[in-house]
Amino acid sequence: MNLKLEPLEIYDLSLPNIPKRSRLYNLEPIGISTSNVESLTGYIARLAQTHCIPTGQLICRELIPILKPEYASNAIDVYKTVVSEHESRAYNCTGLMASKFVNQFQTLTGCNQLQFLTLLIFTEVLYPKDLFRSFKAWCPVCYQQWQMTGQVLFEPLIWSFKQVTICQHHLQSLQTNCPHCQKSMYFIEWNSRPGYCSKCGEWLGTPLALESQEPPLHEIEWQLWVINNIGKLIATAPNLSSAPKREIIARSIIDYMNQLTSGNQAAFAQICGISTGGLGKLRTGKSIPTLTIALQICSCLKIELIDLLNGQIISLSNDIIATLLASYQQSKIVPTKEKSIRQPLDSGKIKQELLKALKEYPPKSVTEIRKRLGLKSKSILYDCFSDICRQISSNYILYRKQDKHQQIENAFSQVNQDEYPPPSLTEVAKRIGIGARALYEHFPEKCYEIAAKYTNYKHESGLQRQEEVRQQVRFAALQLHNQGMRPTAAKINKFLNNPGRMLDKTAQTTLSEILHELGYK
């Protein structure tokens, strides 16, 4: 019997090449290599939304344990200390915090392009403090259209720039306050979410018909030029072979100065509308420009921002040079003023006026008498009638001192001495409307009394607060012990009305004492 044998299939038993898994979802950034690229802070909020948790919780769970391992067990309590919300604009900028956030989130997500959601590549050519606004800005019409068309809601980086005030698509002013709660929002907050208020949670989109009127035409033209230049800057960033270096700015300034004014620094500074000293520091490489100054120079020379910052020297046309130099020469022409004819002084009239002023009440100052006589300087009065002027000045100073003392005394009499809690001396001085030092000069005894009352109150309040902390920690520790759990700072936090109190020395000492009492140590 002949059997027909068929060749067996050979299986490859080697392990497949499995891609490295990321800790967080590999969320793709929006708009890389375009002017509409999203910001890093917006990306983080979108990443948190993808994981169905608040932005603050994502940072507490994933970022703080890496940046600050010692706070890993109490990450939520120290969230605002480690992640400063009011400085969160820096995470989109050019500094150390932006670098840290980029590195950590690239590791967590496996996405290696997050640096282009910031201005990190321009660290050496742009001064950081003039880049971004303090609070979020957005175009409500964009949000409304994106939602209606099913697009992903995100926060474009270009909305963060201080110099950008309108939306280039709808020519409407960017909004900075929630239309529902009227509050401003930092770039990263606990409940940050693209398209929604992080304070009240309401929708930020609005149809175009309900928007305010367009800004003036000249402002729109300037804004479109600014947006176009900034947009090209952030769109070009991924395509740059290397980060622009600091010396590029100095070289560019020198080259343009030679083209326009043949090396005349003062003339170039005046034409560009910047200070001569500031231009000198840029020319010598001692400083780098702010974005506002860089835009100002580019606007004046009719060049693009990316060319200035990337060292791409553009030859200025003869028409531009002629126009700028003509404007500069015109600004130097100052109309001459006709010299006024000086009238002779009537010393008899002046002396009579000074003697009359000596008898006036309330007393007048020498300056007031000088104005009354129509003189330009009171030195003329002192040169001719020094004794009378000194007496007038002495009377006026004494009157002012007595008047001020009386005003302070009247205001002081309105302060309730039995007020509880007692106000500090600074608070009393603020109510009266003068400085605490001036208050000490006029009423030292009353000031010492107010200060002593406030000090005693603060001491008693401190003792009372420490006792409350002890009681709360003790109660929470006993509760945990009775439930069969070892009392720890992290577990006690859940019982306290102020979780941050476990960072207090009193709370830590109390916990240590209780652990000894319960036999844990």
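Basis of the calculations
- Residues numbered from 1 in each chain as written.
- Predicted model: local features only at pLDDT ≥ 70, side-chain atom pairs only at ≥ 80, totals over all residues.
- Heavy atoms only, no water.
- Helix = DSSP H or I, 4+ residues; strand = E, 2+ residues; numbered from the N terminus.
- Buried < 20%, exposed > 50% of the residue type's maximum accessible area, 1.4 Å probe, protein only.
- Contact = heavy atoms within 4.5 Å.
- Areas by Shrake-Rupley, 256 points an atom, 1.4 Å probe, with all protein chains shown as cover.
- Phe/Tyr/Trp six-rings, centres within 6.5 Å; stacked < 30°, edge-to-face > 60°.
- Lys NZ or Arg CZ within 6 Å of the ring centre and 35° of its normal.
- Expected span 1.5 Å × (residues − 1).
- Arc of directions from axis to C-beta.
- Salt bridge = Lys/Arg side-chain N within 4 Å of Asp/Glu carboxyl O.
- Axes fitted to C-alpha atoms, helices over the stretch in contact; angles between N-to-C directions.
- Parallel < 35°, antiparallel > 145°, perpendicular 65-115°, else oblique.
- Left-handed = near helix turned anticlockwise from the far one by under 90°.
- Nonpolar A, V, L, I, M, F, W, Y, C, P; charged D, E, K, R; others polar.
- pLDDT = per-residue confidence, 0-100.
- Core = buried A, V, L, I, M, F, W, Y, C linked by side-chain atoms within 4.5 Å.
- Disulfide = S-S within 2.5 Å.

> If you had to explain the overall build of the chain to someone new, which residues and values would you point to?
The secondary structure content of the chain amounts to 21 helices and 0 strands. Classification of the 521 residues of the chain by burial places 40% in the buried group. Contacts in the chain between residues at least 24 apart in sequence constitute 67% of all its contacts with a sequence separation of at least 6. Here the chain displays about 30,400 Å² of accessible surface, and carbon together with sulfur accounts for 51% of that area.

> Could you give an account of the packing of aromatic side chains, with specific residues and numbers?
A complete count under the given rule lists 13 aromatic pairs for this structure. For the ring pair Tyr454 and Tyr457, a centre distance of 6.5 Å and an interplane angle of 40° mean the geometry is tilted. Residue Tyr454 and its partner Tyr457 are located together in helix H19 (residues 444-482), separated by 3 residues, close to a single helical turn. Judged by its relative accessible area of 28%, Tyr454 is partly exposed. An aromatic cluster of at least three residues, connected via ring pairs, comprises Tyr143, Trp146, Phe154, Trp159, Tyr196 and Trp203. Positioned over the ring face of Tyr196 is Arg193, at 3.9 Å from the centre of the ring.

> Give me unusual backbone geometry: which residues, what numbers.
For the bond from Tyr361 to Pro362, the omega torsion is 0°, close enough to zero to count as cis. Even without being a glycine, Ser262 presents a positive backbone phi close to 55°. Among the secondary structure elements, Ser262 is positioned in the loop between helix H7 (247-261) and helix H8 (265-272). The exposure class of Ser262 is exposed, given its relative accessible area of 69%. A positive phi angle, close to 60°, is found at Lys302, a residue other than glycine.

> Explain helix H21 (residues 505-517) residue by residue, including any values.
Taking 1.5 Å as the rise per residue, H21 with 13 residues should run 18 Å; its terminal C-alpha atoms sit 18 Å apart, in good agreement. Taken together, the buried positions of H21 are occupied by Thr506, Ala507, Thr510, Leu511, Ile514 and Leu515. Looking straight down H21, one finds its buried side chains confined to an arc of 165°; they lie on one side. Each element contacted by the buried residues of H21 is listed here: H19 and helix H20 (489-493). Following H21 by one or two positions, Gly519 has its phi on the positive side, about 85°.

> Got a sec to walk through the environment of Gly201? Specific residues and values, please.
By the element assignment, Gly201 lies in the loop between helix H5 (140-148) and helix H6 (217-236). Overall, Gly201 belongs to the partly exposed group, its relative accessible area being 44%. Separated by 10 residues in sequence, Gly201 and Asn191 have C-alpha atoms that sit 8.0 Å apart.

> Give me the lowdown on the pattern of salt bridges, citing residues and values where you can.
Using the criterion set out here, one finds 14 salt bridges in the structure. In this structure, Lys364 and Glu360 form a salt bridge, with 3.6 Å as the shortest nitrogen-oxygen distance. Take Lys364: its relative accessible area is 23%, and that puts it in the partly exposed class. Taken together, the salt bridges that share partners define one network made up of Glu353, Glu360, Lys364 and Arg372.

> Any details on helix H14 (residues 366-373)? Residues and values, ideally.
For H14, the full list of buried residues reads Val366, Ile369 and Arg370. Buried residues in H14, looked at end-on, bunch into an arc of 105°, giving them a common side. Of the residues one or two after H14, Gly374 is the one with positive phi, at around 75°.

> Which residues make up the packing of H8 against helix H9 (residues 276-283), and what are the values?
With their axes 9 Å apart at the nearest point, H8 and H9 run at an angle of 110° to one another. Of the possible angle classes, the one that applies to H8 and H9 is roughly perpendicular. Handedness of the crossing formed by H8 with H9: right-handed. Listed contacts from H9 to Gln265, Ala266, Phe268 and Ala269 of H8 are Thr276, Leu279, Gly280 and Arg283. Residues belonging to the contact of H8 with H9 are distributed by class as follows: 4 nonpolar, 3 polar and 1 charged.

> Explain the packing of H7 against H8 residue by residue, including any values.
A pair of packed helices is captured by two measures, namely the crossing angle of their axes and the spacing between those axes. With their axes 10 Å apart at the nearest point, H7 and H8 run at an angle of 95° to one another. By the angle class used here, H7 and H8 are roughly perpendicular. Contacts from Tyr256, Met257, Leu260 and Thr261 in H7 reach Gln265, Ala267, Phe268 and Ile271 in H8. The class makeup of the residues in the contact of H7 with H8 is 6 nonpolar, 2 polar and no charged.

> I'd like to hear about the confidence of the model for the chain, residue by residue, with values.
Detailed reading of predicted coordinates is not advised where the pLDDT is low. With 89% of its residues at a pLDDT of 70 or more, the chain has an overall mean of 84. When the elements of the chain are averaged for pLDDT, helix H3 (residues 79-82) gives the smallest value, 57, and helix H1 (residues 40-50) the largest, 94.

> Which residues make up the nonpolar core, and what values do they have?
Of all hydrophobic cores here, the largest spans 95 residues; its most connected members are Phe105, Phe122, Trp159, Phe161, Ile230, Leu301 and Leu305. In terms of residue count, the dominant contributor to this core is helix H10 (residues 291-301) (7 residues). Apart from the residues within four sequence positions on either side, Leu305 is in contact with Asn229, Ile230, Leu233, Leu291, Ala294, Leu295 and Cys298. Grouped together as the second largest cluster of nonpolar side chains are 12 residues, Val469, Ile492, Met502 and Ile514 included.

> Break down the state of the cysteines for me, with residues and values.
Inspection of the entire model under this criterion finds 0 disulfides. Here Cys167 stays unpaired: no disulfide links it, and the sulfur of Cys139, its closest cysteine neighbor, is 3.6 Å away. The closest cysteine sulfur to the non-disulfide-bonded Cys178 is located on Cys200, 3.7 Å from its own sulfur. Accessibility expressed as a relative area gives 0% for Cys178, which makes it buried.

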